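# Fold and geometry: a report
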Amino acid sequence: MGSNNHSPITELTVDVLVIGGGMAGFFAAIRAVEKGQKVVMVDKGTVGRSGFTPWANTFCIFDKSQGDSADDWIKGVQAKGEYLVNLDYFSMLIEDSLPRYSQLLQWGIVDTRPEWDRESAIPSRKYLAGHDRRLLLPKVLKKAGVTMIQRVMVTELLQNDGCVLGAMGFHMDKNEMIAFHAKATVICAGAGGYKAPGFPIHGSTFDGDAMAYRVGASISGKDFMDFHFTGDINPWDVFAMQEEVFVNRIYPTKGPTVNGLGIGIDPIFKIQAEGPPLKEFMPEDLAPPDPVDHRSQGKSLMPKMPNGNIVMGAATGLGVHKSEGIWPANKECFSGIPGLFAAGDALASMICGASYPTTGMGLAGSAVQGYRAGEAAAEFAARAGKEPVSQATLNRISHDTMAPLNADRGFNPRWVNQLLLNTMQPYYILLIMEKRRLESALIQIEFIQEHIVPRILAQDRHELRLAHEAKNLVLNAEMKLRACLFREESRGNHYREDFPARDDREWLAWVIINRDSDGKMELRKQAIPIEWQGDLTQPYESRYQRRFPNELEFLRTKAGN
Amino acid sequence: MAVELKQIENCIGCGSCVLTCPCDVFRLDEKAKKTVIAYPEDCQVCSMCTIYCPTGAIFVTHGKITKPITAYM
Ligand SMILES: Cc1cc2nc3c(=O)[nH]c(=O)nc-3n(C[C@H](O)[C@H](O)[C@H](O)COP(=O)(O)OP(=O)(O)OC[C@H]3O[C@@H](n4cnc5c(N)ncnc54)[C@H](O)[C@@H]3O)c2cc1C
Ligand code: SF4
Ligand code: SF4
């Protein structure tokens, strides 16, 4: 601290760079290697044990031989995602989920032993030995020939002449910056949340969305909020919350034709009206899956709470899985910026639309999209031949990345995280929304953005990571608040008290966010293709089966005027 | 509260916890060949470290440590 910390820059040249080693990055790297490219995967943590992937244990597969009908799946997801589903990407899930699942099965990542018996077994290393999907993922990558670089946090993408030419990051353990010169880059850095203890996602901070936004990519889906469950004692501790999730195999699930209405925000209306629930709170819209479904083994997928109650609102600021992220410019995971691709939770593939329809779409979506993105990136890399970025650019990025370490005085990154929690966490900001409250939060965030973020101090490399995470979290907070203000209606997991009903005329549209030429945040609507809008002649109340508070009264008054 | 080294004598300094923790809570003391809980206040109380510790040296208990936070340092 205080000194001028010039980290030496190590330069690596690769064909395809994959940022993030969760399920999406795994398949992106595997596919790009298969296509004959030299692939490096970089992760700020450890491949297989970081991000969301270690926690998920369901994978939805479309299986025609088991009677699945594409038509039913599409109708189901459209209704639950309230007609904001991107059917190009949803069709990709229908086509590719079974082949990806079969690959995982082959590698032993989905293990086929009988269900773990929770009465007689204690989750333990012994039980996991040899079958642990988290340890198998990097093994398979290594065998395939993917170079993994771990504990390196990527902070910026390298750009020249409108193209992305790799990325740069710092090592967590060494005084070293790494510049990855790549012909094609795939962002698989996952989603994020505001470091609230309810969900095990403190390492996920929307870094991919933030880096892509800074090089001019479009971002979408920031207007829909997740509302997952957790426990009130040691929320999502491996043992207290969901031991089965952690030690068990991955279950195939049946897609959006089963389950209730998905993970909607409905329970919050009940809490608002009746006060916080005390015991055995079971949200109505988390109905267990069809008990005779062969793909859920007759097992309830609801978490069991051996020593606590289920509570809602686990992941403050997380969007709907697969709906927030980098906006795809085509059907092949391309960001619109030459050389840059994205997949998984970092891609706004909109396979879930406005609300998470069923379990399994998170993991399966990441697998399917990762594979396609890896393929597209490999094809691009095979044709590309741009000059690498200049030494001066590398020096500038290195200098900016290290700035928090080199300052004498400054703001504590943990304090910035506290500010973000206090501003974004209350249920009346991002869950029950209203114009003035959103504006008041936005004023706070703008101040933090302008006055605090440029002066964050890091006393060591751990805090340097916290500093960059805080910066990305603040940028995302601004996107979320602006997108929520912009969408003047209610739909899925977006409820505006001041506009408590769907408005099909104005809002069968996605909200796209860009940085304009002055560096300001710009929002626009992108209309949903007519053929994806569902049956508009259907009466409102059957088209939309979930009721928002004051919705029908609002519509009646509007019709009366 | 949160992550604790209840049986530090068991720790063999393998570094698995450093790699496992999603919140970068541990550092390895190379000389002593022991792990150090360097940033307990950043622990998310998920227990993943205990699953991948080969010796059972780490324990995670209910609750979270919150050290006083100074805004400006
Ligand atoms: C508790 C929990 C339970 C879930 N349960 C299910 C379920 O049962 N079924 C289901 O389908 N889905 C579930 N999900 C969702 C599912 O886990 C995700 O949709 C999916 O795993 C996302 O995979 P991904 O590869 O896109 O991202 P991630 O798995 O989040 O991977 C992102 C990777 O990028 C790395 N990274 C991030 N930023 C940087 C950076 N700046 N530099 C370098 N590396 C970086 C991270 O360390 C991480 O390894 C669950 C999620 C959680 C949190
Ligand atoms: S409980 Fe989780 S967050 Fe805490 S030290 Fe262990 S792995 Fe890290
Ligand atoms: S994983 Fe266990 S044995 Fe290995 S360094 Fe950490 S505490 Fe010590």
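Quick note: structure is the one above.
Residues numbered from 1 in each chain as written. Chains lettered and ligands numbered in written order. Predicted model: local features only at pLDDT ≥ 70, side-chain atom pairs only at ≥ 80, totals over all residues. Heavy atoms only, no water.

As a matter of local geometry, ligand 3 sits amid 13 residues, with C11(B), C14(B), G15(B), C17(B) and C53(B) nearest to it. Here the residues of the shell around ligand 3 sort into eight nonpolar, five polar and no charged. (Near = heavy atom within 4 Å. Nonpolar A, V, L, I, M, F, W, Y, C, P; charged D, E, K, R; others polar.)

Turning our attention to the interface of chain B and chain A. Listed per partner, the contact involves 32 residues of chain B and 43 residues of chain A. Approximately 3,200 Å² of surface area, both sides summed, lies buried where chain B meets chain A, with 54% of it carried by carbon and sulfur atoms. Counting the surface chain B buries against chain A, the share from its top three residues, I51(B), Y72(B) and M73(B), is 23%. Here chain B and chain A share three salt bridges between them. Put simply, E41(B) and R414(A) hold a salt bridge, and the shortest N to O gap is 3.6 Å. On the surface where chain B and chain A come into contact, there are 17 residue pairs in polar contact (both at pLDDT 80 or more). Breaking the side of chain B that touches chain A down by element, the ones donating at least two residues are α1 (16-20), α2 (48-51) and β4 (58-61) of chain B. The element contributing the most residues to the side of chain B that touches chain A is α1(B), with four residues. Taken together, the residues that form the side of chain B that touches chain A break down as 17 nonpolar, ten polar and five charged. (Contact = heavy atoms within 4.5 Å. Buried area = accessible area lost by both parts, 1.4 Å probe. Salt bridge = Lys/Arg side-chain N within 4 Å of Asp/Glu carboxyl O. Polar contact = N/O pair within 3.5 Å; in protein donor to acceptor, adjacent residues only side chain to side chain. Helix = DSSP H or I, 4+ residues; strand = E, 2+ residues; numbered from the N terminus.)

With that settled, consider helix α1 (residues 23-34) of chain A. Working note: α-helix, 3.6 residues per turn, so residues spaced by three or four point in the same direction. Residue and element names in this part refer to chain A. Over its twelve residues, α1 extends 17 Å from the first C-alpha to the last, a length consistent with the 16 Å expected when each residue adds 1.5 Å. When you tally the buried positions in α1, you get eleven out of twelve residues, the bulk of the element. For α1, the complete set of buried residues consists of M23, A24, G25, F26, F27, A28, A29, I30, R31, A32 and V33. Elements that come into contact with the buried residues of α1 comprise β1 (9-19), β2 (39-43), α3 (87-106), α5 (133-144), β7 (177-187) and α9 (361-383). (Expected span 1.5 Å × (residues − 1). Buried < 20%, exposed > 50% of the residue type's maximum accessible area, 1.4 Å probe, protein only.)

Bringing the nonpolar core into the picture now. Residue and element names in this part refer to chain A. Within the largest apolar cluster, 108 residues are counted, with the highest numbers of intra-cluster contacts made by F26 and F90. Residue contributions to this core peak at twelve residues, all from α9. For F90, the residues in contact, after removing those within four places along its chain, are W73, I74, V77, V85, P256, I351 and M361. (Core = buried A, V, L, I, M, F, W, Y, C linked by side-chain atoms within 4.5 Å.)

What follows deals with the site of ligand 2. The local shell around ligand 2 holds 14 residues, among which C21(B), C43(B), C46(B), S47(B) and C49(B) are the closest. Residues belonging to the shell around ligand 2 are distributed by class as follows: twelve nonpolar, two polar and no charged.

All names here are of chain A. The strand order across the open sheet formed by four strands is β12-β8-β16-β17, and the pairing between neighbours is antiparallel. One side of each edge strand has no neighbouring strand; the edge strands of this open sheet are β12 (325-326) and β17 (521-527). Pairing of strand β8 (residues 219-220) with strand β16 (residues 509-515) involves two bridges; the strand directions are antiparallel. Bridge pairing in β16 places S220 opposite I512. Strands β8, β16 and β17 of the sheet are contacted by helix α14 (residues 461-486), whose axis makes an angle of about 50 degrees with β17. (Pairing = 2+ DSSP bridges. Axes fitted to C-alpha atoms, helices over the stretch in contact; angles between N-to-C directions.)

Below, the discussion takes up unusual backbone geometry. Located in the positive-phi region is K322(A), a residue other than glycine, with phi close to 75 degrees. Mapped onto the elements of the fold, K322(A) is located in the loop between β11 (310-312) and β12.

Quick look at the environment of L105(A) now. By secondary structure assignment, the location of L105(A) is in helix α3. The sequence separation of L105(A) and G22(A) amounts to 83 residues, and the corresponding C-alpha distance is 17 Å.

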